[in-house]
Amino acid sequence: MCSTHREHALSRRAFAGLAAGAALMLTPLRSTASGVIEAMGVTCIDYRLVDDAMRFFDGLGLTNEYDELALAGASLAAVSPKFPKANAAFWDQLAISKNLHHIKKVIVLDHRDCGAYKVAFGKAFAAARDEETAQHAKVMKTLKAKLAKQHPDLEAAFYLMALDGTAEKIAV
Ligand SMILES: [Zn+2]
């Protein structure tokens, strides 16, 4: 959606009153006719990769066709016992995305040098690339298994982004 359209939609919302405004919040500003989209995209909150993450999903052909969820650690947020509130948020938001937009897939985009991973594991992996990749793959595998159990109808794909914005698919 272009920013002009979004601003216009927001200014209309300003006139619509509180109740109508709340209703709009639950409705995508622009959606396909059926309200069905492809995926939910999960990223870390990290400010360094916000634009790269958007370009990544654009590159998958998902421009304005994915629900966006940003939680510190991405895959880690979903399953780490260190972040119970993020765990709850992940599974709640996934259910909402599924109910509202009938997503078929969850695409998880972790990134290297992730602060949340450092908090959870007490170690920085940036200097040990293979070890860092393995750590993400292990967490992703845990998430994949939990997704398969709780949402067997959803596909899952996992990627790891470097700080230069390039992403590699992680087979789990
Ligand atoms: Zn991060």
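Keep in mind that what you see is a predicted model, and the values were worked out from it rather than measured.

Visitor: How would you explain the overall build of the protein chain if you had to name every residue and give the values?
Guide: Helix and strand content of the protein chain: 7 helices and 5 strands. The 172 residues of the protein chain split such that 42% are buried. In the protein chain, the share of contacts with a sequence separation of at least 24, taken over all contacts with a separation of at least 6, comes to 73%.

Visitor: Describe the sheet that holds strand β1 (residues 39-43), listing the residues and the values that go with them.
Guide: Two strands in a sheet stick together by hydrogen bonds in their backbones, pointing the same way (parallel) or opposite ways (antiparallel). The 5 strands are arranged β2-β1-β3-β4-β5 in an open sheet whose pairing can be described as mixed. With partners counted over all chains shown, the strands left at the sheet margins are β2 (66-70) and β5 (167-169), one partner each. When the angles between neighbouring strand axes are averaged without regard to direction, this sheet yields 25°. Bridging between β1 and β2 involves 5 bridges; their strand directions are parallel. Among the inter-strand pairings, V42 is bridged to a residue of β2, identified as L69. Across the sheet, helix α5 (residues 84-101) is in contact with β1, β2 and β3 (105-111); its angle to β1 comes to roughly 155°.

Visitor: Explain the side chain of D52 to me, and be specific about the residues and the numbers.
Guide: Note on placement: D52 falls in helix α3 (residues 50-59). Excluding anything up to four places from it in sequence, D52 contacts M161, D164 and G165.

Visitor: Could you give an account of the environment of I107, naming the residues involved and the relevant values?
Guide: For I107, the location among the structural elements is in strand β3. The class of I107 is buried, set by a relative accessible area of 3%. Apart from the residues within four sequence positions on either side, I107 is in contact with A39, M40, G41, V42, F56, F57, L60, L62, A157 and Y159.

Visitor: I'd love a proper account of the pattern of salt bridges, names of residues and values included.
Guide: Within the structure shown, the criterion is met by 10 salt bridges. The partner of E38 in a salt bridge is K104, with the nearest N and O atoms 3.7 Å apart. Taken together, the positions of E38 in the loop between α2 (17-25) and β1 and K104 in the loop between α5 and β3 put the pair 66 residues apart, joining distant regions of the chain. Here K104 falls in the partly exposed class, since its relative accessible area comes to 39%. The partner of E132 in a salt bridge is R112, and the shortest N-O contact between them spans 2.9 Å. Here E132, found in helix α7 (residues 129-150), pairs with R112, found in the loop between β3 and α6 (115-121); they are 20 residues apart in sequence, far enough to count as distant. When its relative accessible area of 3% is taken as the criterion, E132 is described as buried. Each member of the salt-bridge network shares a partner with another, and the members are D46, R48, D113 and K118.

Rules and cut-offs
- Residues numbered from 1 in each chain as written.
- Predicted model: local features only at pLDDT ≥ 70, side-chain atom pairs only at ≥ 80, totals over all residues.
- Heavy atoms only, no water.
- Helix = DSSP H or I, 4+ residues; strand = E, 2+ residues; numbered from the N terminus.
- Buried < 20%, exposed > 50% of the residue type's maximum accessible area, 1.4 Å probe, protein only.
- Contact = heavy atoms within 4.5 Å.
- Pairing = 2+ DSSP bridges.
- Axes fitted to C-alpha atoms, helices over the stretch in contact; angles between N-to-C directions.
- Salt bridge = Lys/Arg side-chain N within 4 Å of Asp/Glu carboxyl O.

Honestly, it's all geometry; don't read function into it.
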